[in-house]
Amino acid sequence: MCGIVGYTGKRQAYPIVIDGLKKLEYRGYDSAGIALQQDDQLTLYKKAGKVKDLEHFIGERSTDGLTAIGHTRWATHGEPSDHNAHPHLSQSGQLAMIHNGIIENYAQLKSELEKEGYRFKSETDSEVLLNFIDDIRLKNQCGLEEAIRIALKRVTGAYVILLIDESQPQTIFAARKGSPLVIGIGADEHFLGSDASPMLAYTKEVVYINDYELAIVRPDELVLKNLGNERITPYVQKLDLELAAIEKGGYDHFMLKEIFEQPLTIADSFRGRLDAAEARIVLSGIDAIEEKLLNARRIIIVACGTSWHAGLVAEYVIEELCRINVEVEYASEFRYRNPVISSDDVIVAISQSGETADTLVALERAKEQGATIFGVVNVVGSSISRIAHAGCYTHAGPEIGVASTKAYTAQLTVLMLIALKLAKAKGTITPERFKELCQELDAIPNKVQQVLKDQVERIKAIAEKYKDARSMLYLGRGYNFPTALEGALKLKEISYIHAEGYPAAEMKHGPIALVDEDLPVVFVASRDTYHEKIVSNMQEIKARKGKVLAVVTEGDEITPNIADEVIWVPQTDELIAPLLTVVPLQLLSYYIGVYRGLDVDRPRNLAKSVTVE
Ligand code: F6R
């Protein structure tokens, strides 16, 4: 969702910023633009469409300049169009600005400015903010830095803004609240980005900007201040990320690469944490709040989308192993209703990006009410990881495909480690069962590898056969119910086929009315406590001429006689099974999307990092 890039230094800024925008394409966007400081004037180019459309539009026009800001826009206020694309130029023509986020009180600011004679070229809240800042600057006869500070004190909402001023060469002004901003430090040059990917090729030294901070960035200096004009010492961190991690590495799509990385990323998630031979789990991230977790009145899991599905699996596993009450909440609902939260509650936030606006605000509200916040986050240094009291990173590496795959299995791995560690500390698991589950978890990377090796051709064939389905139903029970939800979400996102996930037994309470010979029903039916019951559900679908596609455990002799299509996964413990059964469903969505000729890495309307509510 909206990508932001900036550069000031000794090199030509244009290729760096354009390349940076391409690195941020995965976030999802519908228009792109760039503003360059050229001698003492600002030059803006912007276009609806992709970054390559912008490049094409710019063609042979001048791109000289050592300072530039660039933007990919994901439309919120106003349709995707050339005039709504960023950067915006202020009415005075002296300032250019890009913005990620939403200015909630923009309508009021706009009407104030209109009364003073301002006219707007776009429908965006961003152009309003820019002119609001410029108006303060002109009226108060103050510098841009001062004007930004005054303006931001009146603004409600979320933002990262980058501004350049035609009269201040080689200077970028940047501020944030609620949306991410990273500044990379080079030798006499600085890079700015929504995340570190645009600067990875140039520097590993970065500063994560916090809410209510204002950065004045020049080639040779980074001045950081709070909105009270006090200087803050930038906290420089070293990035532990290689460029190869954000490239396709020979795969057709990032999504496929990331699905195939899972044996490694799952192992990375437990590396140094799980010692299966010794039956030991070390999770230093929870040490600080272990007592709090063990004595928690409730664990409330807060997340969105795929991360919410990981939370559902965690609910089943933690309640089973630790006998602690767990509730799983959609962050977007939790933040707006008036939930009962006490200091005995621990809020567990699950987020790949660590920047999801709803999750972030839900945590801020819960923190204000005294709850302890624990983060299960992938992106190191992200906003959620920084507001949490404690947490464990999932270590899946950068996930570029918009649909979450390896980040999900990494979340499941970490959540299972947490459940096991707590159960052991609480004494709610026997040493034998603990050891058994540690060993099952340890064996998962190889089992995922086996699915990737043996089942891909079969899944491709199934995908080709069912690629024109109008709708699909995904059913599962127990630990595999969240997998059914996740399978359906993946299909919707990647193939634009309508899909529903349901607990298999709920089918009779409504969805069974949909079943006919045209409805493929995917059963997540690995061998577990509920197996006989789910086999009966399959029979019910067959009796109504529905097509049954089943994910089953190797050695299952009954299901293949009922199902039209079978995908095999190796035997594992039912608690651990969600790590395995989701993999064929990821592949099925991927190949259906590919056969339908869709852009699986960047599905329409979706954003990787949902930084607005
Ligand atoms: C689906 C997907 C989304 C995210 C959701 C939360 O494939 O990726 O549903 O899971 O937007 O994002 P994070 O985990 O970054 O908070």
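As a starting point, this report considers the structure included with it. These figures come from a predicted structure and were not determined experimentally. (Residues numbered from 1 in each chain as written. Predicted model: local features only at pLDDT ≥ 70, side-chain atom pairs only at ≥ 80, totals over all residues. Heavy atoms only, no water.)

Per the counting criterion, the structure on display carries 37 salt bridges. Residues Lys-22 and Glu-55 are paired through a salt bridge, measuring 3.0 Å at the closest nitrogen-oxygen approach. One end of the pair, Lys-22, is in helix H1 (residues 13-23); the other, Glu-55, is in helix H2 (residues 51-58), and 33 residues separate them in sequence. One salt bridge in this structure joins Glu-493 and Lys-490, with 3.5 Å as the shortest N-O distance. Residue Glu-493 and its partner Lys-490 are located together in helix H17 (residues 481-495), separated by three residues, close to a single helical turn. Because the salt bridges share partners, they merge into one network encompassing Glu-145, Glu-146, Arg-149 and Lys-225. (Salt bridge = Lys/Arg side-chain N within 4 Å of Asp/Glu carboxyl O. Helix = DSSP H or I, 4+ residues; strand = E, 2+ residues; numbered from the N terminus.)

The local shell around the ligand holds 15 residues, among which Ser-307, Ser-351, Gln-352, Ser-353 and Thr-356 are the closest. Within the contact set of the ligand, an oxygen atom lies 2.9 Å away from a backbone nitrogen or oxygen of Ser-404. In the model, an oxygen atom of the ligand is placed 2.9 Å from a nitrogen or oxygen of the Lys-490 side chain. Taken by itself the ligand offers 400 Å² of open surface, and the protein chains cover 90% of this. With respect to the detected pockets, the ligand is housed in the second largest pocket. (Near = heavy atom within 4 Å. Polar contact = N/O pair within 3.5 Å; in protein donor to acceptor, adjacent residues only side chain to side chain. Areas by Shrake-Rupley, 256 points an atom, 1.4 Å probe, with all protein chains shown as cover. 1 Å grid on protein atoms, 1.4 Å probe; cavity = no way out; pocket = protein on both sides within 12 Å on 5 of 7 lines; lining within 4 Å. Sits in = over half its atoms within 2 Å of the grid points.)

Take the side chain of Ser-31 next. Among the structural elements, Ser-31 can be located in strand S2 (residues 31-38). Residues within four places of Ser-31 in sequence aside, it is in contact with Lys-47, Ala-48, Gly-49, His-71, Thr-72, Arg-73, Ser-81 and Ala-85. (Contact = heavy atoms within 4.5 Å.)

Since there are 3.6 residues in each turn of an α-helix, residues three or four apart along the chain are aligned in direction. Of all 11 residues that make up H1, eight are buried, and the element is covered over most of its length. Considering only its buried residues, H1 is in contact with strand S1 (3-8), S2, H2, strand S4 (67-73) and strand S10 (189-193). (Buried < 20%, exposed > 50% of the residue type's maximum accessible area, 1.4 Å probe, protein only.)

We now examine the side chain of Glu-486. Within the secondary structure layout, Glu-486 lies in helix H17. Polar contacts involving the side chain of Glu-486 include one to the side chain of Thr-306, which spans 3.0 Å. With near-sequence residues (within four places) excluded, Glu-486 lies in contact with Thr-306, His-309, Ser-404, Tyr-408 and Val-582.

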